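Results of the structural survey
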Amino acid sequence: MPSVESVIKDIKILGATEQEEVLNYLEEIIVLGSFVTEVTDEVKENRFSRGKVCPHCDHDEVSRNGKFNGKQRYICRSCRKTFNDFTHSPRYNSKKDTRKWVLYAKCMINGYSIRKCAEIVGISVPTSFYWRHKIIDAIRTFMGMGSVGGVVEVDETFFRESFKGNHKKSKNFIMPRKSRKRGTKGRKRGISNEQVCVLCAMDRVGNIMTELICKGRMKHTDIERFFNDKIDGDAIFCTDSHKSYLKFAQNTGVELKQIKRGRHKEGVYHIQHINYYHSKLKKWMDRFNGVATKYLSNYMYWFKWLQYFDTEKDTIKSKYLIVQSHTSHCNTKLEDFKTRKAIFI
Ligand SMILES: [Zn+2]
C-alpha cells in the first residue's frame, strides 16, 4: 500500500494539468459524495418550504401514505394521487443514484458535450441528452423569465435556425427548406427568417432576461411582449439605434437612451455589459456545433444560470444546479422530446 507521503511526492512531479485532474478526482469523491444527503435534504426543504403541496394538482392537503422502496410516500386528499419528495423532478423514476446526478451537474457546469458527460458519468448518450434537457427544463421553470429595473441594457442577438436532430428520429418531419451542411453560412445575407432572434436584457444589479422572440427582424410588438409586466419601477433602457426600441419606448413610456452607432458611452448609459454578455454567450455556444432551435431556449437559460453563479466554486455550482432543478415541479417526459417545438415568448 502506498503511503500518503509517496502519493504526495508523485503528485508533486505531475504537470499542472495532471495535478488539476487529481484535484478534480478528489473533489468528486470527497465533496460530491458528501453532497448526496445534503442535496436530498435541501430539495425537500425548498419544495415544501410553505408546507407540502401536491405536485399533480397543487392542493395543500396531503397526508403520509407509507413508504415505497424506502422513500416516504404521500397522498393528496384532493386528487387522491400519490407522490414522493422527488415527483415531477428530473431525478424522479431514475434508477441511477444521486451521486451520478451531482456528477452530471458538474459536467454541465464545465459545459461538456452530451457525449463527454455520458462518458464521465457512465450513462448512455441518449440518457445524457435526456438528463441535460430535463435539468434545464426544470431550471427554466425555477428561474422564470425574471424582471429588470433601473438602468437596463437591452440588445438582440441572432442564431441560425437549426433542425438538427429532427429528421433522423422522425418519419413525419419535413425539412422546411433545403438542407445545408452544418457550419456553412446561411444563403441569405444579413438578417433573414432563417435566423432566430434572441432578446436579452440586463440591469445593473445583475438581473438577466433572455428569450427567443421571433424569426428574422424584431418588431416593437416583440419587444413589448417580452417586457410585458417584467419591468420593475422606473426603468431607463439603453439600446443601440434600432428603430423598434424607439417605437417600444413611445408605446410603453419607458425612458430610452439610444447609443448612437460608433459611440460607446453616454455617461452611465451604455450597452457594454450586454455586448460582453453576448460575446461570451456566442463563444460558449461555439462548443455545441449548432444547437437545434427547439432547444435554444434551454441553452439561453443554462448560460443565464451560469452567469448568476459565475463566482461560485464548481462543486458548489453543481450542488445548486441539482437542488434548484429539483425544487420546482417540472414533468418533462421522454415522449415530449419528439414533439417538442421551439419556445418563443
Ligand atoms: Zn393532488
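Let us now look at helix 11 (residues 314-325). An α-helical turn contains 3.6 residues, so any two residues separated by three or four positions project in the same direction. Here helix 11 is 12 residues long and its end C-alpha atoms lie 16 Å apart, about the 16 Å a rise of 1.5 Å per residue gives. Most of helix 11 is tucked away, with 9 of its 12 residues classed as buried. Inspection of helix 11 places Thr315, Lys317, Ser318, Lys319, Leu321, Ile322, Val323, Gln324 and Ser325 among the buried residues, and these make up the whole buried set.

A separate point is the coordination of the zinc ion. Protein ligation of the zinc ion involves Cys54 (SG), Cys57 (SG), Cys76 (SG) and Cys79 (SG), the donor distances falling in the range 2.3 to 2.4 Å. Coordination at the zinc ion comes from 4 donor atoms whose angles at the metal span 104 to 119°, giving a geometry best classed as tetrahedral.

Next up on the list: the pairing of strand 6 (residues 208-215). With 7 of 8 residues buried, strand 6 is to be regarded as a mostly interior element. Here strand 5 (residues 195-203) runs beside strand 6; their pairing, made up of 7 bridges, is antiparallel. Its bridge partner lying in strand 6, Leu199 is registered against Glu211. Taking the residues that link successive antiparallel strands as the turn, the strand 5-strand 6 hairpin has 4 residues, and the phi of Gly206 there is positive, at about 100°.

Quick notes on the rules
Residues numbered from 1 in each chain as written. Predicted model: local features only at pLDDT ≥ 70, side-chain atom pairs only at ≥ 80, totals over all residues. Heavy atoms only, no water. Helix = DSSP H or I, 4+ residues; strand = E, 2+ residues; numbered from the N terminus. Expected span 1.5 Å × (residues − 1). Buried < 20%, exposed > 50% of the residue type's maximum accessible area, 1.4 Å probe, protein only. Donors = N, O, S within 2.8 Å, 3.2 Å for Na, K, Ca; no water. Tetrahedral: all angles 85-135°; square planar, octahedral: opposite > 155°, others 65-115°. Pairing = 2+ DSSP bridges.

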